[in-house]
Amino acid sequence: MDELKLKFKLLINKQNRAQGQWRRASTSFEGDGTGESVILPANRDTVANLGVHLKSTDLKELDDQTTDQEILKSIEQIYFVENDFDLAKYELKKLSATLQCDEIQRNLKVLNRQRAVVLNQALQLILKQQPSCQKEFERIVEIQDKLKSSVESCKSGRSQLNIAKQQFTTASLGLLANYRKRQRAVNLLKSLSSIKTLQCTKEQLQDLLREGDFAGAINLLIECQSVASTFRHFKCVAALNSQLQDTLEMAEESLDQALANSCLDFKSEVYTKLQDAYSLLGKSQIAADQLLMHFYSAVQNISFSTVSNYLQPNILGASKKSYPELCKFISKENFVPCLTELCKSLWNIACCYREVSKWHMHKIPKSPSRRTETVEVAMATQHIKQKLEKGRSSIWQDMQSKVASLIIACDPSNYKFDEFLCILDLVDKLARVGEEFCENANSIDLQNAARSQSLSYLRSYHQARLDELCMFLENEGWAHCPVRSNFNALQLQEFRWAVSFPEVSKSRLSSSISSSSSIDGFFSRHPRSSNSTPFDLKSEMSVEEDFFTSNGNNSSDDSDDDTNGRIGHTRERHTVLVANTTLSVLRLIGRYLWMMHLLQPIALDILRRLTQLFDLYLYVIHSFFAKEKPSTREFEYTYQLQSNLLRIKENLIIKPGNNQETLEFADAKVTPPELSPIVNLDSPEDLHGLAECVVAVESLSFLANQVLNLRSQIQGLLPSDQWPALDHFYSQVSVAEDLRKPIYMNIAWHAVDLRQLLTQMSKVNWEVRDVMSLHSPYVDFILRELQIFSMRLSEISKRTPIPKSTKVLLWQFLSHLVCNAFVEGFSNAKKCSNGGRGLMQLDFTQFASKLEKLAELRPIPGKDIVEQYIKAYYLPEPALETWIRSHKEYSGRQLAALVNCACQNNKRVRHVLLGLIEELGY
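The structure contained in this document is the topic of the report that follows. Small disclaimer: the values here were computed from a predicted structure and weren't measured.

Calculation criteria
Residues numbered from 1 in each chain as written. Predicted model: local features only at pLDDT ≥ 70, side-chain atom pairs only at ≥ 80, totals over all residues. Heavy atoms only, no water. Core = buried A, V, L, I, M, F, W, Y, C linked by side-chain atoms within 4.5 Å. Buried < 20%, exposed > 50% of the residue type's maximum accessible area, 1.4 Å probe, protein only. Helix = DSSP H or I, 4+ residues; strand = E, 2+ residues; numbered from the N terminus. Polar contact = N/O pair within 3.5 Å; in protein donor to acceptor, adjacent residues only side chain to side chain. Contact = heavy atoms within 4.5 Å. Axes fitted to C-alpha atoms, helices over the stretch in contact; angles between N-to-C directions. Parallel < 35°, antiparallel > 145°, perpendicular 65-115°, else oblique. Nonpolar A, V, L, I, M, F, W, Y, C, P; charged D, E, K, R; others polar. Salt bridge = Lys/Arg side-chain N within 4 Å of Asp/Glu carboxyl O.

Another aspect to go through is the nonpolar core. Core analysis: the biggest nonpolar cluster contains 214 residues, and W478, L593, F826 and F847 have the highest contact counts within it. By size, the runner-up hydrophobic cluster in this structure holds seven residues, among which are I71, Y79, F80 and V117.

So, in structure tokens, the structure goes:
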């Protein structure tokens with residue numbers, strides 16, 4: 001068995017040796033996507049041998065039905081591996097342990113078929129590539145010919161070189177050596193000349209730096225460093241290079257110092273040279289960071305130095321104290337100048353910052369030579385712009401924190417109102433500068449400082465003003481203050497803000513104007529080149545006061561009234577009746593409104609204090625001139641007036657026994673003032689102080705109208721969410737007109753002696769049988785009283801201009817009072833006949849006709865009350881019940897007297913009607 005295996009092995013090895021020639025001289029070839037490998041012949045002899053071998057192959061094995069592709073796919077992959085793999089051994093291992101001749105023959109047949117297919121495929125591929133192979137062989141032969149020619153050329157060249165070498169002499173080489181030495185000497189001379197130039201550049205650099213030509217100095221330094229780097233092999237140049245480096249550092253320090261100066265005194269030409277120098281150094285972005293640091297330092301240093309300049313001379317260790325501590329040592333006299341100077345200095349820094357930003361915004365960078373440099377320059381420019389834009393808010397925060405520290409350090413209680421307003425005005429201007437300097441500026445620190453100090457100041461100021469107003473009211477004589485007929489609150493100095501700054505309310509209503517879009521802002525109105533700042537303008541706050549008349553007639557001095565043929569009532573209509581205290585209250589209102597403008601965060605608190613000023617004025621006028629009033633339904637107080645007077649008394653007037661010192665600011669109260677002794681309300685000749693009453697009432701009405709006319713300005717000082725509080729305030733102001741009725745009614749009540757009238761009416765006999773032809777004596781009495789009132793009214797009008805509307809109102813009240821007195825007198829009659837009823841009609845008709853002529857009123861007020869009462873006597877008993885139900889203007893006693901007289905003969909009806917009156921609750 002072993003011998004048989006050996007024979008098979010020898011047979012297979014014999015075949016492998018024939019195939020080994022193909023593998024050693026071939027390369028792998030990929031088929032048309034089938035993945036099989038074929039053998040390419042290495043030369044022509046191999047191809048011929050392969051053809052002979054195929055002819056000798058047993059081709060009958062190819063007649064099988066199996067296709068060539070299927071046979072190729074059946075060949076194991078290991079046969080296509082190019083290595084020293086022993087194929088015979090591999091095939092023998094595949095045989096089973098017990099050899100079978102049929103199996104061996106079958107395997108051999110398969111292998112022969114596979115070999116035949118492979119050889120056939122290889123032959124086809126070789127024949128296909130044969131023309132290309134032939135051309136390649138021809139090219140190789142051609143190359144061999146050219147190589148032979150090249151070898152001949154090299155041999156000839158070497159021969160020629162040997163001849164040239166033999167022909168050169170030692171003298172020729174010496175000439176070349178000497179020429180080289182000469183060239184070295186010339187180069188050394190040039191180097192020494194350059195080194196000498198480097199030695200002289202130090203002074204030139206200093207001159208350039210002194211002249212401010214930083215770019216030229218940096219450029220020269222860079223050139224010198226480049227030259228020094230070229231000659232660094234010289235020892236002297238090494239020392240010079242160190243000096244140049246020191247000079248460069250000194251130049252950068254000078255650059256940095258000049259950059260710091262730009263924060264306080266920006267000059268476009270100098271700044272352009274600085275940026276060119278930093279650009280040469282490649283430090284443009286670093287320069288932007290340094291510039292921001294210099295601005296921060298400028299704010300710190302200028303604030304510290306400004307405050308230090310205004311310190312008291314006896315302050316020890318001032319240099320070691322912090323900035324907030326130094327602010328506490330500023331005296332009252334130096335505080336406003338110090339604050340003004342600080343605001344001016346910070347304004348200058350803000351202007352320089354804006355000019356720097358503007359320079360970078362409009363800067364056109366030079367076109368670099370390379371595209372890479374263009375991108376770098378663009379990135380650097382954008383970086384600087386972003387840095388400056390982000391730095392605005394930080395710079396503004398530093399500015400406002402310095403001013404806020406100074407504001408917090410002051411004691412507001414030591415300042416007068418104008419001085420404190422000056423401080424608030426400076427703070428307000430600085431806040432508006434911040435809004436324009438930095439878009440969406442946050443001035444919380446500044447506002448909080450102003451708010452805290454303002455509340456502290458307002459705490460004492462408001463109480464002092466209330467006490468002062470009470471003192472003015474106690475000394476007020478309520479005399480007519482002669483002012484022009486066109487006088488209004490805006491003519492007062494305290495309302496100068498509304499005249500000089502009419503855009504205040506508009507800007508508040510439409511919210512704050514953006515700094516970037518503000519066309520007429522501080523920076524455009526006060527350029528740095530003009531040497532003016534928003535903090536040193538004084539003329540814009542002045543308004544001349546010229547509203548007093550020269551001769552006491554407030555109509556004769558008015559230019560708009562100087563026309564011929566002017567009628568009298570026109571002059572009365574234009575008369576402005578105000579008292580001196582009215583002007584004081586208006587001035588206080590102007591101050592409070594200006595404070596509201598300057599202190600937006602506490603504007604509502606200030607408005608509440610302003611309301612107390614008006615409330616106190618209204619309450620005092622009522623307490624002075626309306627202490628007494630007749631008990632008639634026609635003259636009852638309105639609900640709004642009653643509730644307002646009660647509220648004012650509860651919230652503003654100190655109750656007896658209270659200690660005012662224990663009251664908080666929110667409960668600011670005053671002791672009610674007393675009427676001045678010079679005002680006499682008991683003189684009948686003066687109609688119980690009619691002139692003073694008219695001045696007081698009309699001045700209150702004028703004050704209310706002026707406040708109403710200021711509504712748009714006040715509304716502009718408040719945010720929209722606080723407007724309901726303003727509506728509430730104006731609802732309280734409107735009740736000033738309701739005070740006319742009780743005060744003028746009080747005058748009318750004292751003008752005639754109604755008690756005497758009732759006494760005389762009680763003496764009249766109302767049980768006469770016949771109708772009288774003459775009226776009763778009491779009618780002449782009351783008409784005489786009214787005539788006296790008319791004469792006194794005319795006499796008073798000569799001294800004090802009384803508006804026609806006031807005269808009409810007085811006559812209306814008098815008519816109502818007398819008519820009510822007539823009803824009261826008629827109701828006192830216990831018995832009344834038909835003749836007595838006729839006498840009543842006659843008396844009242846006589847009185848009404850005379851009064852209509854005297855008072856120029858038609859019909860006289862209250863006439864229907866008397867006539868209806870008289871006519872009720874004639875009503876039948878059933879109709880009387882209906883009449884009683886529909887006339888509630890009479891008192892229960894008056895109705896009962898009417899029933900007793902009208903039903904004196906019918907006890908049952910009288911009892912029913914009296915019960916009805918009691919039931920209705922008259």
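A separate point is the side chain of Q732. Looking at the element boundaries, Q732 is found in helix 25 (residues 723-733). Among the polar contacts listed, one links the side chain of Q732 to the side chain of R647, at a separation of 3.2 Å. Look past the residues within four positions of Q732 in its chain and what remains in contact with it is T611, F614, D615, N644 and R647.

Within the secondary structure layout, S394 lies in helix 13 (residues 371-409). Looking at S394, the relative accessible area reads 31%, which means it is partly exposed. Separated by 44 residues in sequence, S394 and C438 place their C-alpha atoms 9.6 Å apart.

The next subject is the environment of A626. Structurally, the position occupied by A626 is in the loop between helix 21 (603-625) and helix 22 (639-651). Classification of A626 as buried rests on a relative accessible area of 5%. Separated by 115 residues in sequence, A626 and K741 have C-alpha atoms that sit 9.5 Å apart. With residues near it in sequence (within four places) discarded, A626 still touches I621, Y637, P742 and I743.

Another aspect to go through is the packing of helix 23 (residues 690-709) against helix 26 (residues 740-751). Closest axis-to-axis distance for the helix 23/helix 26 pair is 10 Å, and the angle between their directions is 175 degrees. The pairing of helix 23 with helix 26 is recorded here as roughly antiparallel in orientation. Residues L690, C693, V694, V697, E698 and S701 of helix 23 form the contact with helix 26, whose participating residues are R740, I743, Y744 and I747. Across the contact of helix 23 with helix 26, the residue classes tally to seven nonpolar, one polar and two charged.

As enumerated under the stated definition, the model contains 23 salt bridges in all. Between R139 and E136 there is a salt bridge, with its nearest N and O atoms 2.5 Å apart. In this pair, R139 and E136 are both assigned in helix 5 (residues 101-167), three residues apart and thus about one turn of the helix distant. Residue class for E136 comes out partly exposed when judged on its relative accessible area of 35%. A salt bridge links R740 to E737, with the shortest nitrogen-to-oxygen separation between them at 2.7 Å. With relative accessibility at 15%, the residue R740 sits in the buried group. Linked through salt bridges whose partners overlap, the residues forming this network are D265, K267, E355 and R528.

None of this, on its own, says anything about what the molecule does.
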